[in-house]
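Listed below are the residues making up each chain.
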Amino acid sequence: MKKLIIEGNHPLSGSIKISGAKNSAVALIPAALLSSGEVKIDNIPNISDIDALNEILLYLGAKVSRNNEMITIDSSKIENKAIPKEICSKLRASYYFMSALLGKYKKVEMWFPGGCSIGARPIDQTIKAFRALGAKVIEEDSKFIITADKLVGTEVYLDMPSVGATVNTILASVLAEGVTTVANAAKEPEIVNVATFLNNMGAKIKGAGTSTIKITGVEKLNGCFHEVIPDRIEAGTYVLAGALIGKNLKIEGIIPEHIESLTTKLKEMGSNIKIYDDYIEISESDLKPAKIKTLGYPGFPTDLQQPLTTLLTQCEGKSIVEETIYENRFQNVKYLCDMGAKINIIHNQKIEVEGKTDLKGCTVKATDLRAGACMVLAALKAEGKTTIEDVEHVLRGYENIVFKLKNVGAKIELIDE
Ligand code: EPU
């Protein structure tokens, strides 16, 4: 079991360089399977979710090499075999292999994907899209057997703008016959990154980043070079660290527009934040309370809701957080309260944070990836020592978190017992 031990209340100053986006990279790697040539993707973050996808690529027989942040994938000779349940359940993104293999071979056998336990997270919209494209889907327990004589472009309306279902529909339809239209598509920057990658390979995708995406099927995709965009959630997490305990903390290598919903909110709260072309500088200051409601992009991201809650404990007055994406994303609240926060759960998707409260170090848990980030931020601010258990969740999504924080003055150690 891995733990983080953090001695709090040491100001953070200096610079943190942001890595490639987890939620983009985890879609680009399965998407690479659609190519008949060699694909090179740069700025891949070194996190355990990428290791899990690598394991799937190797299991299928792809030739893979990793050199620092670059991954080279040649999947011209892979074998389309069922990916074992224990690998699929390691992460959510394993189901991008479902759509990539279906798109390429018109047949796939896979298990229900894993991922953080933050809600039910059904995959009905992806299955609906596969069926609309002409596939037959058999579901036995949590195993899916999906086959198609051919996939034919059609109109797919998503009942909610799901990131996963949008990417899966694109991956399943790039090699289909005719035109597929995804209506009510998710607009996240990671989707634009995936569509650009596929277009570089020869796909014909228009409208990524808007709510209507049009995919005109092509016969073959070639090799290409591509770069992962900076991780907006990692960037947002460190911006929040700066708002909590920063002294001219610089967050660099970012696309500030991707976290505008956060930076605008911070300005509204009175934050001392300066935004430049590709970096942000931020220092701790007295902040007003806020009302936050999570929404799909460009709304306030659910993935920053838990880290932001730590900051709200330090604002004088009552803040409200409404989570509209997941049903179970307040597991961090108990541990924040153990550290001294005053938070009322109004119902399972709404909380009230009463600030400002001093935080004191104690033993807490990272129940999921972003709950873990919330605890790291609380520990950096708290008086005394905090032990965060189950930090495997955090290491799934934050590259070199210990190194990056130490480098700006945090007292943080990773213990592996
Ligand atoms: N939903 C359905 N049916 C579906 C698909 C989604 O009901 O078929 C619901 C989900 O249960 C959820 C909502 O729609 O309530 C949104 O889900 P979405 O499909 O958009 O999320 P995802 O693709 O499973 C990705 C990220 C998440 C991030 C969300 C929202 C990856 C691998 N994961 O998940 O990232 O929270 O989009 O932005 O890209 C994280 O990084 O910590 C994380 C959880």
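Asks: Looking at this model, I keep getting lost on the site of the ligand. Mind explaining?
Replies: Taken together, 23 residues are adjacent to the ligand, and Ser162, Val163, Asp303, Ile325 and Arg370 come closest. Taking Arg121, its side chain carries an N or O atom lying 3.2 Å from an oxygen atom of the ligand. Here the ligand, which alone exposes 820 Å², has 91% of that area covered by the protein. Elements with a minimum of two residues in the shell around the ligand: helix H1 (22-31), helix H5 (124-132), helix H6 (163-173) and helix H12 (369-381). Take the shell around the ligand: its biggest share by element is three residues, from H1. Tallied by class, residues from the shell around the ligand come to 10 nonpolar, five polar and eight charged. Of the domains in this structure, domain 1 (2-19 + 230-416) and domain 2 (22-227) are the two that each give at least three residues to the shell around the ligand.

Asks: Explain the nonpolar core to me, please; I cannot follow it from the model alone.
Replies: Within the largest apolar cluster, 77 residues are counted, with the highest numbers of intra-cluster contacts made by Phe97, Val174 and Leu198. With seven residues, helix H4 (residues 95-105) is the single largest residue contributor to this core. Residues Ile6, Ile259, Leu312 and Val364 belong to the second largest nonpolar core, which totals 69 residues.

Asks: Teacher, can you tell me more about unusual backbone geometry here?
Replies: Keep in mind that most residues, glycine aside, have a negative phi and that most peptide bonds are trans. The step from Tyr297 to Pro298 runs through a cis peptide bond, and the omega angle for that step is 10°. By the element assignment, Pro298 lies in the loop between strand S17 (291-293) and helix H10 (305-312). With phi around 60°, Asp390 is a residue other than glycine that occupies positive phi space. The class for Asp390 is partly exposed, based on a relative accessible area of 25%. Of note, Asn400 is a non-glycine position whose phi angle comes to about 50°, a positive value. Within the secondary structure, Asn400 is located in the loop between helix H13 (392-395) and helix H14 (401-406). For Asn400, a relative accessible area of 43% puts it in the partly exposed group.

Asks: Sorry, what's going on with the sheet that holds strand S22 (residues 385-389) here?
Replies: Backbone hydrogen bonds are what pair the strands of a sheet, in a parallel or an antiparallel way. Pairing within the open sheet is mixed, and its four strands lie in the order S21-S22-S1-S23. Of all the strands in the sheet, just strand S21 (363-365) and strand S23 (411-416) have a single pairing partner and so form its edges. Averaged over all pairs of adjacent strands, the angle between their axes in this sheet comes to 25°, without regard to strand direction. The sheet contact formed by S21 and S22 spans three bridges and is parallel. Pairing of Val364 across the sheet is with Ile388, part of S22. This element, H12, spans strand S1 (2-7), S21 and S22 of the sheet and lies at about 30° to S1.

Calculation rules
Residues numbered from 1 in each chain as written. Predicted model: local features only at pLDDT ≥ 70, side-chain atom pairs only at ≥ 80, totals over all residues. Heavy atoms only, no water. Near = heavy atom within 4 Å. Polar contact = N/O pair within 3.5 Å; in protein donor to acceptor, adjacent residues only side chain to side chain. Areas by Shrake-Rupley, 256 points an atom, 1.4 Å probe, with all protein chains shown as cover. Helix = DSSP H or I, 4+ residues; strand = E, 2+ residues; numbered from the N terminus. Nonpolar A, V, L, I, M, F, W, Y, C, P; charged D, E, K, R; others polar. Domains from an automatic or database assignment. Core = buried A, V, L, I, M, F, W, Y, C linked by side-chain atoms within 4.5 Å. Buried < 20%, exposed > 50% of the residue type's maximum accessible area, 1.4 Å probe, protein only. Pairing = 2+ DSSP bridges. Axes fitted to C-alpha atoms, helices over the stretch in contact; angles between N-to-C directions. Contact = heavy atoms within 4.5 Å.

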